[in-house]
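Structural features, examined
One letter stands for each residue in the lines below.
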Amino acid sequence: APDTNGHPTQAGSRVGKGDAVMSAVEGLLQQGSGDKAFEIIDGNIDRFDTGTLPRALLLRGKAQMLMAKSGNAGKLLRQAGLDFMRIVAHYPDSVDAGEALFLAGQVNASLPKPNYAAARAAWQQVLSSYGGSGPLAKRAQKAIDQLPGRGKGK
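Values in this document were obtained by computation on a predicted structure and should not be read as measured data.

**Things to note about helix α2 (residues 34-43)**
Inspection of α2 places G34, A37 and I41 among the buried residues, and these make up the whole buried set. End-on, the buried residues of α2 take up no more than an arc of 65 degrees, which puts them together on one face. Residues D35 and G43 are exposed on α2 and point more than 90 degrees away from its buried face.

**Quick notes on the pattern of salt bridges**
Across all of its chains, the model carries 7 salt bridges by this definition. Here D96 makes a salt bridge to R55, at a shortest N to O gap of 2.9 Å. Of this pair, D96 sits in the loop between α4 (73-90) and α5 (97-110) while R55 sits in helix α3 (residues 53-68), and the two are 41 residues apart along the sequence. Where R86 meets D83, a salt bridge forms, and the shortest distance between an N and an O atom there is 2.8 Å. One end of the pair is R86 and the other is D83, both in helix α4 and 3 residues apart, which spans about a single turn. According to the relative accessible area criterion, R86 is partly exposed, its value standing at 34%. Here the salt bridges do not stand alone but share partners, grouping D42, R60, D83 and R86 into one network.

**Comments concerning the packing of aromatic side chains**
Applying the stated criterion across every chain yields a total of 1 aromatic pair. Ring geometry for F102 versus W123: centroids 6.0 Å apart, planes at 35 degrees, classification tilted. With F102 in helix α5 and W123 in helix α6 (residues 116-131), the pair connects residues that are 21 residues apart, well separated along the chain. Each member of the pair, F102 together with W123, is buried. The residue whose ring lies beneath R139 is F102, and the NZ or CZ to ring-centre distance is 4.4 Å.

**Regarding the nonpolar core**
Core analysis: the biggest nonpolar cluster contains 41 residues, and V25, I41, F48, M65, F84, F102 and W123 have the highest contact counts within it. In terms of residue count, α3 provides more of this core than any other element does, 9 residues in total. Excluding residues within four positions of it along the chain, F84 makes contact with L58, G61, K62, M65, A100, L103, A104 and V107.

**Things to note about the packing of α3 against α4**
Following both chains from N to C, one finds α3 and α4 inclined at 165 degrees, their axes separated by 8 Å at the closest point. Of the possible angle classes, the one that applies to α3 and α4 is roughly antiparallel. Handedness of the α3/α4 crossing: left-handed. Of the residues in α4, those in contact with P54, L57, L58, R60, G61, K62, Q64, M65, M67 and A68 of α3 are A73, L76, L77, Q79, A80, D83, F84, R86 and I87. When the residues that make up the contact of α3 with α4 are grouped by side-chain class, the tally is 12 nonpolar, 3 polar and 4 charged.

Quick notes on the rules
- Residues numbered from 1 in each chain as written.
- Predicted model: local features only at pLDDT ≥ 70, side-chain atom pairs only at ≥ 80, totals over all residues.
- Heavy atoms only, no water.
- Buried < 20%, exposed > 50% of the residue type's maximum accessible area, 1.4 Å probe, protein only.
- Helix = DSSP H or I, 4+ residues; strand = E, 2+ residues; numbered from the N terminus.
- Arc of directions from axis to C-beta.
- Salt bridge = Lys/Arg side-chain N within 4 Å of Asp/Glu carboxyl O.
- Phe/Tyr/Trp six-rings, centres within 6.5 Å; stacked < 30°, edge-to-face > 60°.
- Lys NZ or Arg CZ within 6 Å of the ring centre and 35° of its normal.
- Core = buried A, V, L, I, M, F, W, Y, C linked by side-chain atoms within 4.5 Å.
- Contact = heavy atoms within 4.5 Å.
- Axes fitted to C-alpha atoms, helices over the stretch in contact; angles between N-to-C directions.
- Parallel < 35°, antiparallel > 145°, perpendicular 65-115°, else oblique.
- Left-handed = near helix turned anticlockwise from the far one by under 90°.
- Nonpolar A, V, L, I, M, F, W, Y, C, P; charged D, E, K, R; others polar.

Spelled out as C-alpha cells, the structure:
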C-alpha cells in the first residue's frame, strides 16, 4: 500500500503511519512542544517495527530532554538516556545510533548531579565508532573540549 505521498511502503500502512507520526513529532519538537511530542510518540511506540523503532526512540528521548527543562529533570533525563542507549545497544548500525550516543553524553552532562566522566566516555565513543570527520565528530569533540577541566581525564 502506498504511503501518504504515494510511495510504496515495505510493510503496508503500518510504516507509512509510523513515518507520519514521526514527522508530526519532529514538527512538535521544533516548536518546543515536548509534552505533546512525547505523548504522541509514546502512545504509538508499539506500532514501530525494527526499521523505524530506533528513530522513534530517538524522538521520544529528545521529547523527554525538552520536557526536563520544565521540571522533574532528573527522572526525565534518565528516561531519555535509557531511550538513547537502547538504540546504541540494540541498533548499533542504525543511522540514528551515533546521534543517540551523542545525546546520551548530553544527558549525563545535564543531570542535576552531572556525570562528566560518563559524558566524556560517550562522546569519545562517538568519535571512535560513529564520528569520522563529519559534523557529529565536530559536535562530540566540541562537547569534550567544553567539559570542566577542558576535557582532560583525571
